[in-house]
Amino acid sequence: MGLIARNIKSPFWQDVEYQESILSFQKDQDLMPYRLRVWWWNKSVVLKTIFERTVDLVWMGSSYYLAMIYLLVLALKKRWLNFWLVVIGLVLIAIEKDPNPGSYLWWLSPFVISAFIK
Amino acid sequence: MNKFGLCLLVIGIFLRLFLISSIPPHLSNDEISIAYDAYSIVYSGKDEHGHFLPLSFESYGTFKAPLYAYVLAPLEFVFGNSELVVRLPSILAGLLTIAVIGLITWEITSNRKTAIWSSILLSITPWHIYASRMAWEANLALLFLSLGIWWLIKRKMLLASVFLVISMYGYHTEWLLVPMLILTGGIIYFKKKVWKFWAISLILALPLAIDYVLNAGPGSRANTEPIWTMAETTPVKVLMTFIRNYINYQNPSILFFRGLNILRKNNPFTPGLLLWPMIIPIIIGAKKIKNKFFWIWLFLSPVTAALTQGDFGLIRNLNSVLPLVILAAAGLNKMSKAWWGLTLITLFNFALIFFWHFPREMGETFQGYRPVAYYLKTVEEEASEIYVDYRYGNYRWGLGKEYSGIPYLYLAYFQRWDPTITQTRVRTEDKSYFGKYVIGQIDWNKDIIRKGAYYIVSVGNPPEDYVKDRLEEVATFEDSAGKKAFEVWKSR
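Remember, predicted model here, so these are calculated numbers, not experimental data.

Here we look at the interface of chain B and chain A
For step 1, the next point in the chain: Between chain B and chain A, the contact holds 24 residues from the first and 23 residues from the second.
For step 2, the next point in the chain: It is B:F257, B:P268 and B:F269 in chain B that bury the most area against chain A; as a group they hold 30% of the surface buried on that side.
For step 3, the next point in the chain: If you look at where chain B meets chain A, you find two salt bridges.
For step 4, the next point in the chain: Between A:E52 and B:R258 there is a salt bridge; the shortest N-O distance is 3.9 Å.
For step 5, the next point in the chain: Ranked by residue count, the leading element in the side of chain B that touches chain A is helix α18 (residues 337–361) of chain B, at nine residues.
For step 6, the next point in the chain: Grouping the amino acids of the side of chain B that touches chain A by side-chain chemistry returns 11 nonpolar, eight polar and five charged.

Here it is, written out as structure tokens:
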């Protein structure tokens, strides 16, 4: 997980396109005072996007649904510590602007394997 | 029902009716084609292409299901042509579905409180609010489907058959979903009498099947939309595509966070189809409901949508909203005040996006031809010809996308043309002629400037400088974002 964290070079919220989509949305349409707008829109939407991207990693068929298989196996075996470690790993992968799950998802496999070592 | 529940129900109904004629700002392609076909049926007995009382409306090549147009026709005869009238069947269907989901939940759970809360939750669900505010065939079909399911669970064979099959006349998704529900539900609820149930349903659905066999050409939707009609496909590819689509239709990210595509693609503010705090009661509710038929209904609902091409279709998958809301209602009694607070915040957030940002963000994507039609009606007498460019959007300088519209339907509907005008239209390679109206692309290099002619172009295709001295701008029209959308030019 440390490796994944170290490899986050450009989080999606620093992406110009993402920032512009927020700014252009507000420029001529905003109803709210500036401070409220910054809190309501800019902060909450980044959290919302993190969740979306993480769920998409699990659900959109990346690497033959590897992340979904990890989580299902751990949930069925009720290894909740490992389950949440994999979730944290997925969040870290999803933060990257271009996540490349094909290579990163395999790095989470130790958390799955360790769940079965007694 | 307590006061809080009643308040939520009132809010939900208010969100369905507030500014109904102006948000969404104009009728969409699908809405206007249904509206005009209904109008054409009332005054000529034929659709816009001259087919007598069809069971499949060819429309602009989209081959619509017939129910909505036939329900709308008498309303247009009585109340005239307007956005509100076009959307009225969908609005009423939405309101009635709120009641019917309560009845279904009562039958499934035998819990009065859960039944009432399922109605309240549906009333505040963005997916259903959106569907009920537009003239979607799927929303009308959903009402009949839900009534059919209610009677099925109550073991009323004839009524179940009638309502379930009527929903097949309402929308194409039901063509596959309803037979699957009749097959499985019949076995569960009618046991030895199941053959009778199947036979009644088959007889009622026969006209639709015969019409499909006799009239569906290669361009009809049933022959172009399924995944097995994709180019260079194999059975394995079809199976893999179906599995991928089916899983995608269960994607929580789409269902709860970004499925309601009322903003531009990839806009991070796009709301979910369901309010996201509902994830929790849905998970809890899944452990509580034991009814076998309910689970079959839940798992079958996205099957038809998953068998069609394209991304997640929120209208194609509209049938899933009912079982998901019932699950949420079943798990609701454990929710704390904090959960209700979050739910209210997300509901407010949806309302803000829908009523304020949606018409502004998407202004240029709507075909605002209604005011243009009213204006042209006032100058029609003096015009020698009226040329209308079907392209719209600010596309020429890369300031927006180029959209392809169907202006003749808006003109015909809001000007109340004699239906024979569209039925006897003349088509050439690049233009269609409807009396004085000529619909096509206006190319200022080629099109001859005729004396007394009017030219309607979008802001993306203004006249070239070298023809401007022969023209005068007589009117402009704005889109819902307040930006100039259409220009009307008259030759001197």
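Details of the packing of aromatic side chains
All names here are of chain B.
For step 1, the next point in the chain: Enumeration according to the criterion identifies 46 aromatic pairs over all chains in this entry.
For step 2, the next point in the chain: A centroid spacing of 6.2 Å and a plane angle of 45° characterise the contact between Y43 and F77, whose relative ring orientation is tilted. A residue pair is termed long-range when its members are at least 10 positions apart, and Y43 in helix α2 (residues 29–44) and F77 in helix α3 (residues 67–79) qualify at 34 residues.
For step 3, the next point in the chain: Taking relative accessible area as the criterion, Y43 reaches 38% and is therefore assigned partly exposed.
For step 4, the next point in the chain: On the numbers, 5.3 Å between centres and 25° between planes, the contact of Y392 with Y403 is stacked.

Brief notes about the environment of B:V194
Residue and element names in this part refer to chain B.
For step 1, the next point in the chain: Looking at the element boundaries, V194 is found in helix α10 (residues 194–215).
For step 2, the next point in the chain: According to the relative accessible area criterion, V194 is buried, its value standing at 7%.
For step 3, the next point in the chain: Put simply, V194 and T184 are 10 residues apart on the chain and 9.7 Å apart in space, counted from C-alpha to C-alpha.
For step 4, the next point in the chain: Those residues within four positions of V194 in sequence are excluded, and the remaining contacts are G186 and I187.

Description of the layout of surface pockets
For step 1, the next point in the chain: Volume-wise, the second largest pocket comes out at about 1,400 Å³.
For step 2, the next point in the chain: Forming the boundary of the second largest pocket are 36 residues, of which A:W59, B:Q250, B:P252, B:I279 and B:I283 lie nearest the centre.
For step 3, the next point in the chain: No other element matches helix α14 (residues 279–288) of chain B, which puts six residues into the lining of the second largest pocket.
For step 4, the next point in the chain: Looking at the lining of the second largest pocket, its residues break down into 32 nonpolar, three polar and one charged.

Parameters at a glance
Residues numbered from 1 in each chain as written. Chains lettered and ligands numbered in written order. Predicted model: local features only at pLDDT ≥ 70, side-chain atom pairs only at ≥ 80, totals over all residues. Heavy atoms only, no water. Contact = heavy atoms within 4.5 Å. Buried area = accessible area lost by both parts, 1.4 Å probe. Salt bridge = Lys/Arg side-chain N within 4 Å of Asp/Glu carboxyl O. Helix = DSSP H or I, 4+ residues; strand = E, 2+ residues; numbered from the N terminus. Nonpolar A, V, L, I, M, F, W, Y, C, P; charged D, E, K, R; others polar. Phe/Tyr/Trp six-rings, centres within 6.5 Å; stacked < 30°, edge-to-face > 60°. Buried < 20%, exposed > 50% of the residue type's maximum accessible area, 1.4 Å probe, protein only. 1 Å grid on protein atoms, 1.4 Å probe; cavity = no way out; pocket = protein on both sides within 12 Å on 5 of 7 lines; lining within 4 Å. Points joined across faces, edges and corners; volume = space filled by probe spheres on them.

Just distances and angles here, no functional claims.
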